[in-house]
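Working through the structure, step by step
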Amino acid sequence: MAVGTYEYRSDFARKHQAEARAEYVLKILSRREIAVSEEARERILACRDPELTDVWFDRAFEVATVDELFD
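The paragraphs below set out a description of the structure included in this document. What you are looking at is a predicted structure, and each value in this text was computed from that prediction instead of being measured.

Examining a negative patch on the surface
- On the surface, a cluster of negative charge is made up of Glu38, Glu39, Glu42, Asp67, Glu68 and Asp71.
- Those elements that provide at least two residues to the negative patch are helix H2 (38-46) and helix H4 (66-70).
- Here the element with the most residues in the negative patch is H2; it accounts for three residues.
- Considering the arrangement of structural elements, one finds Asp67 in helix H4.
- You can call Asp67 exposed: its relative accessible area is 54%.

Written out as structure tokens, the structure is:
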């Protein structure tokens, strides 16, 4: 059985997966000491698209500013 390949199918699970990923994005940015405006924080936390929060999660390790996260 492959680990980490399961895709959540229900809207409920996908929504909560996106919420958790958004929290991790903010945590990564904080640990990297990247300033996050209240507007950007709200945008990240409001996102319920797991594919988009996955992209942001990957970018959070490399961006120099929060604006680069959204590019």
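The structure having been displayed, the exposition proceeds.
A closer look at the nonpolar core
- Val25, Leu29, Ile44, Val66 and Leu69 are the most contacted members of the largest nonpolar core, which totals 15 residues.
- Contact partners of Ile44, with chain neighbours within four places excluded, come to Ala22, Val25, Leu26, Leu29, Trp56, Val66, Leu69 and Phe70.

Focus: helix H3 (residues 50-60)
- Every buried residue of H3 is accounted for by Pro50, Thr53, Trp56 and Ala60. Burial along H3 is one-sided: seen end-on, the buried residues are contained in an arc of 120°.
- Of the surrounding secondary structure, the elements contacted by the buried residues of H3 are helix H1 (11-31), H2 and H4.

Rules behind the numbers
Throughout this document, residue positions are counted from 1 along each chain, in the order its sequence is written. The predicted nature of this model means local features are confined to residues of pLDDT at least 70 and side-chain atom pairs, given and counted, to a pLDDT of 80 or more, with totals for whole chains, interfaces and linings taken over all residues. The basis for every side-chain value is the complete set of non-hydrogen atoms in the structure, without hydrogens or water. What goes into a patch is any residue over 30% in relative accessible area without a salt bridge, connected to like charges within 9 Å or, for nonpolar side chains (Val, Leu, Ile, Met, Phe, Trp, Tyr), within 5 Å. Calculation of accessible area relied on Shrake-Rupley with a 1.4 Å probe; when residues are assessed, cover is drawn exclusively from the protein chains displayed. A pairing counts as a salt bridge when a side-chain nitrogen of Lys or Arg comes within 4 Å of a carboxyl oxygen of Asp or Glu. Lys and Arg are tallied as positive, Asp and Glu as negative. Neither His nor the chain termini are counted. Just so you know, the charge point we use is NZ for Lys, CZ for Arg, CG for Asp and CD for Glu. Only DSSP runs of H or I covering at least 4 residues are called helices, and only runs of E covering at least 2 are called strands; the numbering of each starts at the N terminus. For each residue, the accessible area found with a 1.4 Å probe, counting protein chains only, is set against the maximum for its type, and the residue is called buried under 20%, exposed over 50%, and partly exposed in between. For this analysis, a nonpolar core means a set of buried residues of the types Ala, Val, Leu, Ile, Met, Phe, Trp, Tyr and Cys, connected via side-chain atoms within 4.5 Å. In this description, contact between two residues means that some pair of their heavy atoms is separated by no more than 4.5 Å. Directions drawn from the helix axis to the C-beta atoms are what define this arc.

Read these as layout, nothing more, since geometry by itself doesn't imply function.
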